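Structure at a glance
The chain contents come next:
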Amino acid sequence: MDQIEQEKAWVTAALAGERSAFAALVDAYKNPVYNLCYRMLGTSTEAEDAAQEVFVRLYRRLHTYDSSRKLSSWVLSIASHYCIDILRRRRLQTVDIEEMPPWQPLVSAQPQPDAQLLNAEREERIQALLAQLEPHYRAPLIMHYWNDMSYEEICAATGLSLSALKSRLHRARHRLAALMRQQSPDLIPALAASMKEQMGV
Amino acid sequence: MELCDSVLAHLSMTLDGEPLDEADKKMMRTHLASCADCRALAQQMGQLDSLLRQAPMKYAPIDFTARTVEAAYAVEQQRNAWLGAGTLLLCLALFGSLLITGQRALFWAALTTALAPGFSGTTWLQNAVESGITLASVLASVLLGPLFVPVTLPLLMVLVTFSLMQWRARQSLHNPA
């Protein structure tokens, strides 16, 4: 059974009240959805809550599912719209990013941090850079880099045209590169060092 | 400046694995050789691309599926409970109206039919007609019933609002802004 047939079978069975079919559906898409929510929102607690809400919404709207569409694109579309809504609401409550203090290393006191700590530190800094991107630039970038989606799949999930998507990816990279130069110019050497360590050089 | 933007946009396409034609490649090479700012930015964008490609995927907790399925069913059950309560209120309004307006024959006909196995709106109407009551008198009883206005109308308004909200949610999902 190919993926689309499998998805249709899950949806039909879940609509008929089969709990195991809905569980299979959640299992299939939990990681892409959780990753998208984490990269959009920045913390594991928020990501977990948001990912759960995405699947609750999916279950409620399952009867509106258009089987000509890929289920994964639909699920990620619900997830990205939900995260963008949260970020919009949050923006009304938080301080301006320009007023935030510069990033502080988490493990600066460690004399010889091991590879795991270095990775965690780099993760934190990548996340801090991502958090400064506008949500509508962030979502396609995450789908492109982490969820490994093609242009067509991202267009289906975000509702963007192909030219608008290319433009957003370009602007997102441009802006992130500029932010990295201003705030974390040592990220690249850290990456090179970690790669050397992994390769045993 | 326009040329700088165009060169960087083309660079972005190459990072996505998009093929460029020879004329575009030549234009990029020529411009990058002469523009130090674009050269630096192009290098940073390339480095950023490697950095993002190496950043790991985040995985959901192990018990995520079980908890999520539980949550989805709990929300659904709650919604069904509300719908059930709404239906019960509607029935109470209809039957109560019949009883209060003295339509005892219709009340018993409706109640026994509703409780009979295989109940449907059609059999209820058939029984009502067989009991010698016209459709007009049924409608009149319901519409003139004292419980109809205070209970049924707000309930209908809630149902219409709920349907509209669902319709809007469907529209925004299928045609995102």
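Residues numbered from 1 in each chain as written. Chains lettered and ligands numbered in written order. Predicted model: local features only at pLDDT ≥ 70, side-chain atom pairs only at ≥ 80, totals over all residues. Heavy atoms only, no water.

**Side note on the overall build of chain B**
Filter applied, for reference: Each helix is a run of DSSP H or I of at least 4 residues and each strand a run of E of at least 2, with the numbering of both proceeding from the N terminus. Think of it in three bands: with a 1.4 Å probe and only protein chains considered, a residue is buried below 20% of the maximum accessible area for its type, exposed above 50%, and partly exposed in between. By the convention used here, residues are in contact when the closest approach between their heavy atoms is within 4.5 Å. The Shrake-Rupley method, run with a 1.4 Å probe, gives the accessible areas here. Residue values count only the displayed protein chains as cover.
For chain B, the helix and strand inventory stands at eight helices and zero strands. Reading the secondary structure of chain B in the N-to-C direction produces α-α-α-α-α-α-α-α. The buried share among the 177 residues of chain B stands at 29%. The long-range share in chain B, meaning contacts at least 24 apart out of those at least 6 apart in sequence, stands at 57%. Summed over its atoms, the accessible surface of chain B is roughly 11,000 Å², and 68% of this surface lies on carbon and sulfur atoms.

**Regarding helix 6 (residues 135–145) of chain A**
The element helix 6 of chain A is largely enclosed, with a buried count of 10 among its 11 residues. Of the residues making up helix 6 of chain A, those classed as buried are P135, Y137, R138, A139, P140, L141, I142, M143, H144 and Y145 of chain A.

**Here we look at the interface of chain A and chain B**
Stated precisely, the cut-off is as follows: One speaks of a salt bridge when a side-chain nitrogen belonging to Lys or Arg is within 4 Å of a carboxyl oxygen belonging to Asp or Glu. Polar contact is defined as a pair of N or O atoms within 3.5 Å, subject to the rule that within protein one atom must be able to donate a hydrogen and the other to accept it, and that residues adjacent in sequence are counted only when both atoms are side-chain atoms. Residue type decides the class: Asp, Glu, Lys and Arg count as charged, Ala, Val, Leu, Ile, Met, Phe, Trp, Tyr, Cys and Pro as nonpolar, and the leftover types, Gly among them, as polar.
Residue-level contacts link 54 residues of chain A with 45 residues of chain B. Here chain A is connected to chain B by five salt bridges. Of the charged contacts in the structure, one is a salt bridge between D16 of chain B and R173 of chain A, with a shortest N-O distance of 2.2 Å. Inspection of the region where chain A meets chain B yields 16 residue pairs in polar contact (both at pLDDT 80 or more). For the side of chain A that touches chain B, the secondary-structure elements that each account for two or more residues are helix 2 (19–41), helix 3 (44–60), helix 4 (71–91), helix 5 (115–130), helix 6, helix 7 (151–158), helix 8 (162–183) and helix 9 (187–199) of chain A. For the side of chain A that touches chain B, a count of residues per class yields 25 nonpolar, 14 polar and 15 charged.

**Regarding empty space enclosed by the protein**
Going by this rule: The rule is simple: put a 1 Å grid over the protein atoms alone, call a set of points where a 1.4 Å probe fits but cannot get out a cavity, call an open set with protein on both sides within 12 Å along at least five of seven lines a pocket, and count a residue as lining if it has an atom within 4 Å of a point. Grid points are joined across faces, edges and corners, and a volume is the space filled by probe spheres set on the points.
Counted by the stated rule, this structure contains one cavity of 30 Å³ or more. The volume enclosed by the largest cavity comes to roughly 40 Å³. Lining the largest cavity, in full, are I126, L129, L130 and L176 of chain A together with L48, L51 and L52 of chain B. At the level of secondary structure, the elements contributing two or more residues to the lining of the largest cavity comprise helix 5 of chain A together with helix 3 (36–54) of chain B. Split into classes, the residues belonging to the lining of the largest cavity amount to seven nonpolar, no polar and no charged.

**What about the nonpolar core?**
Here is the rule we go by: What we call a nonpolar core is a set of buried Ala, Val, Leu, Ile, Met, Phe, Trp, Tyr and Cys residues that are connected through their side-chain atoms within 4.5 Å.
Ranked by internal contacts, the top residues of the largest apolar core, which has 69 residues, are F22, V33, M40, L58, L141 and L176 of chain A. Examining the composition of this core, we find that 12 residues originate from one element, helix 2 of chain A, more than from any other. Here V33 of chain A is in contact with A51, V54, F55, V75, L76 and A79 of chain A, once residues within four sequence places are set aside. Core analysis: the second largest hydrophobic core is formed by 14 residues, L20, L32, C35 and M45 of chain B among them.

**Overview of unusual backbone geometry**
Even without being glycine, D148 of chain A reaches a positive phi, approximately 55°. As for its position among the elements, D148 of chain A is in the loop between helix 6 and helix 7.

**Digging into the environment of S12 of chain B**
Structurally, S12 of chain B can be placed in helix 1 (residues 2–15). By relative accessible area, S12 of chain B is classed as buried at 2%. At 2.5 Å, the side chain of S12 of chain B and the side chain of R173 of chain A are in polar contact.

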